[in-house]
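# Fold and contact review
Chain residues, written in single-letter form:
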Amino acid sequence: HGQLRLMLELEGEQIKKAYPDIGYLHRGMEKMGENMIYNEFLPTTDRMDYIAASSNNYAFALAVERLLGIEGDIPRRAKVIRTILLEINRLASHLFWLATHALDVGAMSVFLFCFREREHILDMMEDYCGARLTHSAVRIGGVPLDLPAGWLENLKKYLDEFPTNIEDYEGLLDQNRIWKMRLEGVGVLTPEKAKSWGCSGIMLRGSGIEWDIRKEEPYELYDELSFDVPVSDLCDSYGRYKLYMEEMRQSTKILHQLIDMYKDTDSALMAHAPKYISAPKEQIMTQNYSLMQHFVLVTQGMRPPVGEVYAPTESPKGELGFFIRSEGEPYAYRLKARAPSFYHTGLLNDLLPGHYIADVVTIIGSSNTVFGEVDR
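Quick notes on the rules
- Residues numbered from 1 in each chain as written.
- Predicted model: local features only at pLDDT ≥ 70, side-chain atom pairs only at ≥ 80, totals over all residues.
- Heavy atoms only, no water.
- Phe/Tyr/Trp six-rings, centres within 6.5 Å; stacked < 30°, edge-to-face > 60°.
- Buried < 20%, exposed > 50% of the residue type's maximum accessible area, 1.4 Å probe, protein only.
- Lys NZ or Arg CZ within 6 Å of the ring centre and 35° of its normal.
- Patch = residues over 30% accessible without salt bridge, like charges linked within 9 Å, V, L, I, M, F, W, Y side chains within 5 Å.
- Areas by Shrake-Rupley, 256 points an atom, 1.4 Å probe, with all protein chains shown as cover.
- Salt bridge = Lys/Arg side-chain N within 4 Å of Asp/Glu carboxyl O.
- Helix = DSSP H or I, 4+ residues; strand = E, 2+ residues; numbered from the N terminus.
- Pairing = 2+ DSSP bridges.

## A short note on the packing of aromatic side chains
The tally for this structure, following the rule as stated, stands at 13 aromatic pairs. A centroid spacing of 5.2 Å and a plane angle of 75° characterise the contact between Tyr219 and Tyr222, whose relative ring orientation is edge-to-face. Taking relative accessible area as the criterion, Tyr219 reaches 2% and is therefore assigned buried. By relative accessible area, Tyr222 is classed as buried at 2%. These aromatic residues form a ring-pair network of at least three members: Tyr58, Tyr219, Tyr222 and Phe227. Sitting above the plane of the Phe227 ring, Lys215 keeps its charged end 4.3 Å from the centroid. Lying over the aromatic face of Phe342, Arg376 brings its terminal NZ or CZ to 5.5 Å of the ring centre.

## Notes on a nonpolar patch on the surface
A cluster of nonpolar side chains, Leu103, Met108, Leu112, Phe113 and Leu172, forms an exposed patch at the surface whose accessible area comes to about 420 Å². With 3 residues, the top contributor of residues to the nonpolar patch is helix H5 (residues 108-129). Mapped onto the fold, Leu103 is located in helix H4 (residues 76-105).

## Digging into the pairing of strand E2 (residues 14-21)
The pairing of strand E1 (residues 5-11) with E2 spans 7 bridges and is classified as antiparallel. Each residue of the ladder has a partner; that of Leu6, found in E2, is Pro20. Counting the residues in the hairpin turn of E1 and E2 gives 2 residues, including Gly12, whose phi is positive at 70°.

## Observations concerning the pairing of strand E4 (residues 318-326)
Of all the 9 residues making up E4, 7 are buried; the element is thus mostly covered by neighbouring parts of the structure. Pairing of strand E3 (residues 307-315) with E4, which is carried by 9 bridges, proceeds in the antiparallel orientation. Opposite Glu308, over in E4, you have Arg325 as the bridge partner. Turn length for the E3-E4 hairpin, with the two strands adjacent in sequence and antiparallel, is 2 residues. With 5 bridges connecting them, E4 and strand E5 (residues 334-338) associate as antiparallel partners.

Below, the structure is given as structure tokens:
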């Protein structure tokens, strides 16, 4: 789970106090964002939650778009593609979580099956943007590429088969006595404690609190999509596991709708905002600005107006948002990332005491943290 130093005070095998010690992966990413132009920094966000890189790309792009005031100018096809990327990233992230969590607890077969399904998603990402892990598949103002021929057909075939795979995972785990023994009643997180620690995503919904930014503060096309927000009042690791399974079903439902939406869009992929956005070369002459203007935008960067913005999104792990303070320069005066794993790591300080050493790996796995977005 990355560079986490976890110090425990024990009485026998029972934990009395827990001290999560972070900072061993620190790369100064927020300071880097203040010393790089906006387009230059976007690929760096891949390295935060590298299990779902496009979620980071999108969250940063959305914050800049809101700062520029061009969120409403994104072409519909770009919105469809970006929402597809976000949801297949969610599937890939949840599969990775289930695979590694099951392996931590002792279920080897589930690890292999989940990686088999995740591999198909990585293949599709590679077909789209040429990268499998760190995608840089989103741009400020849209997307760089249209979907390749046959890509949606491959996605639909995958989605048609995927619910059966979820049933296979549940068949191996739901009533498995070892799985239930290791998860049920372990890592109980009360609603009050979840809110107190700033939990989000499944860590919050697993404590009976229905809050999903895709529903509460919709972005992209989520206000046009039909999907449910699963909630569990079990408050333990088993309840959170069941939410991951149901969320994968909901993402499958969302992706089927997006495939149909794509068919009714035109070919535009970038916002028409010559003052800020550098369009693909082949679109430049049709958007009424010159090659010289294009060159200046690429090399010097866009200059947003003076102001500040915070844009929250629902990443696979919870609320991921970027705060940007602009002084009108091509780079941020202040950049701050609000990443869910940071809060869920701090929660271990309060969640582990009272449990036993054998429960630690279950609770850490259930919190689904990645240290690329903790040690920024």
